[in-house]
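# Observations on the model geometry
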Amino acid sequence: MNALKHIEDLGTLADEVGNLAAALTLPVPDAVHVQAFKERLPGIRDRLRIVYVGLSGENPWEDHPS
């Protein structure tokens, strides 16, 4: 994957985090917000790591994946 694709992915991830933050204003029970974060944040974290590794060439999580 080239640097331009990683930068594009970074923008997409920023939008996803922004959407999660905006959803916090919805009038739903707190448990719904917490569940959404539990479901979405691990995937966002994993994709951010892919971008980091792709742009830096280093993987600081190689020995500690969680």
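For the structure itself, look to the data block above.
Residues numbered from 1 in each chain as written. Predicted model: local features only at pLDDT ≥ 70, side-chain atom pairs only at ≥ 80, totals over all residues. Heavy atoms only, no water.

## Details of a nonpolar patch on the surface
Taken together, Leu26, Val28 and Val32 make up a surface patch of nonpolar side chains, about 230 Å² in accessible area. With respect to the secondary-structure elements, Val28 resides in the loop between helix H1 (3-23) and helix H2 (30-56). (Patch = residues over 30% accessible without salt bridge, like charges linked within 9 Å, V, L, I, M, F, W, Y side chains within 5 Å. Areas by Shrake-Rupley, 256 points an atom, 1.4 Å probe, with all protein chains shown as cover. Salt bridge = Lys/Arg side-chain N within 4 Å of Asp/Glu carboxyl O. Helix = DSSP H or I, 4+ residues; strand = E, 2+ residues; numbered from the N terminus.)

## Here's the deal with the packing of aromatic side chains
Overall, the coordinates contain one aromatic pair when judged by the stated rule. Measuring from centroid to centroid gives 5.3 Å for Tyr52 and Trp61, while their planes differ by 80°, and the two rings are edge-to-face. Accessibility expressed as a relative area gives 26% for Trp61, which makes it partly exposed. (Phe/Tyr/Trp six-rings, centres within 6.5 Å; stacked < 30°, edge-to-face > 60°. Buried < 20%, exposed > 50% of the residue type's maximum accessible area, 1.4 Å probe, protein only.)

## Quick look at the side chain of Glu16
Note that Glu16 resides in helix H1. Overall, Glu16 belongs to the buried group, its relative accessible area being 15%. Separated by 2.8 Å, the side chains of Glu16 and Arg47 make a polar contact. Filtering out sequence-adjacent residues up to four positions away, Glu16 remains in contact with Arg40, Ile44 and Arg47. (Polar contact = N/O pair within 3.5 Å; in protein donor to acceptor, adjacent residues only side chain to side chain. Contact = heavy atoms within 4.5 Å.)

## Observations regarding the pattern of salt bridges
Any two side chains of opposite charge can pair if their charged atoms end up close together. Tallied over the full model, the rule gives four salt bridges. Between Asp9 and Lys5 there is a salt bridge, with the nearest N and O atoms lying 3.0 Å from each other. Within this pair, Asp9 and its partner Lys5 are both found in helix H1, separated by four residues, close to a single helical turn. A salt bridge links Glu16 to Arg40, with the nearest nitrogen and oxygen atoms 3.4 Å apart. Taken together, the positions of Glu16 in helix H1 and Arg40 in helix H2 put the pair 24 residues apart, joining distant regions of the chain.

## Considering H2
The end-to-end C-alpha distance of H2, which contains 27 residues, comes to 37 Å, matching closely the 39 Å that a straight helix rising 1.5 Å per residue would cover. Of all the bends in H2, the greatest, near 30°, is centred on Arg40, and the proline Pro42 appears no more than four residues after it. Among the residues making up H2, those that are buried are His33, Ile44, Arg49 and Val51. At its buried positions, H2 is contacted by H1. (Expected span 1.5 Å × (residues − 1). Bend = angle between axes of the 7 residues up to and from the residue.)

## Topic: the packing of H1 against H2
For the pair H1 and H2, interaxial distance at closest approach is 10 Å and the crossing angle is 160°. Put simply, H1 runs roughly antiparallel to H2. Considering the relative orientation of H1 and H2, their crossing is left-handed. For the pair formed by H1 and H2, the contact residues are Ala3, His6, Asp9, Leu10, Thr12, Leu13, Glu16, Val17, Leu20 and Ala23 on the first element and His33, Phe37, Arg40, Leu41, Ile44, Arg47, Leu48, Ile50, Val51, Gly54 and Leu55 on the second. Residues belonging to the contact of H1 with H2 are distributed by class as follows: 13 nonpolar, four polar and four charged. (Axes fitted to C-alpha atoms, helices over the stretch in contact; angles between N-to-C directions. Parallel < 35°, antiparallel > 145°, perpendicular 65-115°, else oblique. Left-handed = near helix turned anticlockwise from the far one by under 90°. Nonpolar A, V, L, I, M, F, W, Y, C, P; charged D, E, K, R; others polar.)

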